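Structural description and commentary
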Amino acid sequence: MSAISLLKELLKASEKAANIARVCRQNQRLFSLLIQEKEKDESNSRFDHDFKTLADCLIQEMIKYDIGKQFPELRDNIRGEENAKFTNTAGDSVIVTVTDDPGNTVAVLEKILNGDKEAAAALVDEVYRDVELDLEALEIPTDSIPLDNNWSELGIWIDPIDGTAEYIKGEEKLTKFPNIASAGLKCCTVLIGVYETCQGTPILGVINQPFADRASEQEGAHDKYEGKIYWGMSIGDLKFNNIAPHEPDARIAILSPSEQSKYVDFIRNQLKYDVIYSSGAGYKILKIATGEAELFLLSKGTTYKWDTCAPQAILRSMNGDLFNLQDTLINKSVKKISYQDRKVTRNLGGLIAYQNIDKLREFLKL
C-alpha cells in the first residue's frame, strides 16, 4: 500500500474539483441556476442563510467516485459535507450522482438545469476530464511510502467548497496584509483529508485554492483565475509537504468576524497579536500552515470534521496541530481534534491552531 499513490489521486481529484468550481463561477448564466438554500437540518447554525450550490454537490460526488474507483475498499469510508439531493427551479428534486456512464450524469444535470444541454455537457466534461498535474512542481516524494493501515482502516472527509457564502458573493476584500484575504473567492478552498479510523488521526491532507490568483491580464481573461494546491503527509515519523518555510510579516492571529469580544481583547491586548478577520475555516488554518499567521482561534463549535481534517493533516506534517479550545483552556493540557467517533461531526468546544507548539505552551501559561 502506497501513500504516494493515494496522494496523487487526491491531488488530481482536488484539481478537477477546482476546475468545476471555476467553470460554474465564471458563467453567470449557469451560476444563477445553481444556488439553493440548505434545509434546516443541514445548515450551519452560525449563518442566517446557508446555501449550497450544484458545484458543491457535483464536486463531492465526483471526488467520491474518482477515489472509490481507484481504491474500492475506501469507497464506503468517504464522506462529505453536502446532501446529494438538489432541487431545481421547477421544484424537481434530483439526487446528484456520478457513475461509470457519463450519459447518466448528463441526464441528471439536464434535469437539474431545466433541460439546458449545453450547461450540463460543460459540467460533465470537467467531471470526466483526465487531469494532468506537474508532480515535480508539487514536490511529490519519489520514494514509495508504505501505509501501515489497510485501505479499509482509512476514512476521508471532503468539503467540496469550504466558504460557499464567499463563493456565491464573490466579493474580494483584502486585509492590511496583502497575502491574507478577509473575504471573497480567495477564501474558498477544496478540502480532502484522510484519517486513520482506529486512532482518529489525520495523516494526509490536500487543500486546493481554486481562486488563489487572477490569471494574466489578457483580453477576455479578466474573470479567469489560477489555483494553488497545498498538501501534507504525516505517517509515523515521516513528514512531507510542499509548503516552504515562511516568517510571518508580524505577530498575526487570524479569527472569524463573529469571534467573541472577550477572546479578541485577550489576544490583542494580552498576547499582543495583530488581529485579522477572515472567512473560511480551511483558509484560516491554511494561513497557519503557510506561516503567514501564527494563531488561529475559534471559540464556538461552528466547524465540522470536513472543515478541519485536511488542514489538520497539513499542520501535523509541519509539527503543528489543531486542538479543542475549551478542553485546552479548562484542563490546561492539549486535546487534539480527533476523527475516531463517526457519529460526532461537529467540532464541539471550538478550535485553536498553531504551527509552533512552543507558542501554544506560551498561550497556555497565560
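First, a word on scope: everything that follows refers to the structure included in this document. (Residues numbered from 1 in each chain as written. Predicted model: local features only at pLDDT ≥ 70, side-chain atom pairs only at ≥ 80, totals over all residues. Heavy atoms only, no water.)

A few words on the overall build of the chain. Scanning the chain from N- to C-terminus turns up 11 helices and 17 strands. What you see for the chain is a C-alpha radius of gyration of 20 Å, in line with the 21 Å of a compact globule of 366 residues. With the C-alpha coordinates aligned to their principal axes, the bounding extent of the chain is approximately 60 × 45 × 45 Å. Residues classed as buried in the chain amount to 55% of the 366 residues present. By sequence separation, contacts in the chain at least 24 residues apart represent 70% of the contacts at least 6 residues apart. For the chain, the computed accessible surface area is about 16,100 Å², with 46% contributed by carbon and sulfur atoms. With 44 positive and 56 negative side-chain charges, the chain shows a separation of 6 Å between the mean positions of the two kinds. (Helix = DSSP H or I, 4+ residues; strand = E, 2+ residues; numbered from the N terminus. Rg over C-alpha atoms; globule rule 2.2 N^0.38 Å. Buried < 20%, exposed > 50% of the residue type's maximum accessible area, 1.4 Å probe, protein only. Contact = heavy atoms within 4.5 Å. Areas by Shrake-Rupley, 256 points an atom, 1.4 Å probe, with all protein chains shown as cover. Lys, Arg positive; Asp, Glu negative; His and termini not counted. Charge placed at Lys NZ, Arg CZ, Asp CG, Glu CD.)

On to the pairing of strand β6 (residues 154–162), then. Most of β6 sits inside the fold, with 9 of its 9 residues counted as buried. Note that strand β3 (residues 78–80) and β6 share 3 bridges and pair parallel. Bridge pairing in β6 places Ile 78 opposite Ile 156. In the sheet, β6 pairs with strand β9 (residues 189–196) via 7 bridges, with the strands oriented antiparallel. Bridging across to β9, Asp 162 finds its partner in Thr 189. (Pairing = 2+ DSSP bridges.)

Taken residue by residue, a regular strand's side chains alternate between the two faces of the sheet. Pairing of strand β11 (residues 225–235) with strand β12 (residues 238–241) involves 4 bridges; the strand directions are antiparallel. Bridge pairing links Met 233 to Phe 240 in β12. The antiparallel hairpin formed by β11 and β12 contains 2 residues in its connecting segment, where Gly 236 sits at a positive phi of about 65°.

Glancing now at the layout of surface pockets. Of the pockets and cavities examined, the second largest pocket occupies roughly 370 Å³. Lining the second largest pocket are 23 residues, with Gln 209, Lys 228, Tyr 230, Lys 287 and Glu 292 positioned closest to its centre. Of all the secondary-structure elements, those providing two or more residues to the lining of the second largest pocket are β10 (202–214), β11 and α8 (281–289). (1 Å grid on protein atoms, 1.4 Å probe; cavity = no way out; pocket = protein on both sides within 12 Å on 5 of 7 lines; lining within 4 Å. Points joined across faces, edges and corners; volume = space filled by probe spheres on them.)

With that settled, consider the sheet that holds β10. Backbone hydrogen bonds are what pair the strands of a sheet, in a parallel or an antiparallel way. The strand order across the open sheet formed by 6 strands is β3-β6-β9-β10-β11-β12, and the pairing between neighbours is mixed. Only two strands of the sheet have a single partner each, and these edge strands are β3 and β12. If you compare each strand with its neighbour and ignore which way they point, the axes differ by 15° on average. Of the strands in this sheet, β6, β9, β10 and β11 touch helix α1 (residues 3–26), which is tilted by about 30° from β10. α8 rests against β6, β9, β10 and β11 of the sheet, and its axis sits at about 100° to β10. (Axes fitted to C-alpha atoms, helices over the stretch in contact; angles between N-to-C directions.)

Each aromatic ring pair is specified by the distance between its two centres and by the angle formed by the two planes. Under the defined criterion, the tally for this structure stands at 8 aromatic pairs. Plain terms: the ring middles of Tyr 167 and Phe 211 are 6.0 Å apart, the flat faces sit at 45° to each other, and that makes the pair tilted. Placement of Tyr 167 in helix α6 (residues 164–169) and of Phe 211 in strand β10 is noted, with a sequence separation of 44 residues between them. Between Phe 211 and Tyr 225, the ring centres sit 5.2 Å apart and the planes meet at 85°, which makes this aromatic pair edge-to-face. Of this pair, Phe 211 sits in strand β10 while Tyr 225 is found in strand β11, placing the two residues 14 residues apart along the sequence. (Phe/Tyr/Trp six-rings, centres within 6.5 Å; stacked < 30°, edge-to-face > 60°.)

This next bit is on the pattern of salt bridges. A full pass over the atoms with the stated rule returns 15 salt bridges. The closest approach of N and O atoms between Lys 186 and Asp 213, which form a salt bridge, is 3.9 Å. You can see Lys 186 sitting in the loop between β8 (181–183) and β9 and its partner Asp 213 sitting in strand β10, a full 27 residues away along the chain. Assessed through its relative accessible area of 23%, Lys 186 is described here as partly exposed. By relative accessible area, which is 31% here, Asp 213 ends up partly exposed. A salt bridge links Lys 228 to Asp 213; the shortest N-O distance between them is 3.8 Å. A residue pair is termed long-range when its members are at least 10 positions apart, and Lys 228 in strand β11 and Asp 213 in strand β10 qualify at 15 residues. Beyond isolated ion pairs, a larger network of salt bridges with shared partners links Lys 186, Asp 213 and Lys 228. (Salt bridge = Lys/Arg side-chain N within 4 Å of Asp/Glu carboxyl O.)

This part takes up empty space enclosed by the protein. For the coordinates displayed, the defined rule picks out 2 cavities of 30 Å³ or more. Looking at the second largest cavity, its volume works out to about 30 Å³. Lining the second largest cavity are Ala 21, Pro 160, Ile 161, Tyr 167, Cys 188, Val 190, Pro 210 and Phe 211. Of all elements in the fold, only β6 and β10 reach the threshold of two or more residues within the lining of the second largest cavity.

So, about the packing of α1 against helix α3 (residues 54–70). Contact geometry for α1 and α3: axes closest at 10 Å, N-to-C directions at 160°. The orientation of α1 relative to α3 falls into the category roughly antiparallel. Every pair of crossing elements has a handedness; the one defined by α1 and α3 is right-handed. Along its contact with α1, which presents Glu 9, Leu 10, Ala 13, Lys 16, Ala 17, Ile 20, Ala 21 and Cys 24, the element α3 presents Ala 55, Leu 58, Ile 59, Met 62, Ile 63, Asp 66, Ile 67 and Gln 70. Looking at side-chain class alone, the contact of α1 with α3 contains 12 nonpolar, 1 polar and 3 charged residues. (Parallel < 35°, antiparallel > 145°, perpendicular 65-115°, else oblique. Left-handed = near helix turned anticlockwise from the far one by under 90°. Nonpolar A, V, L, I, M, F, W, Y, C, P; charged D, E, K, R; others polar.)

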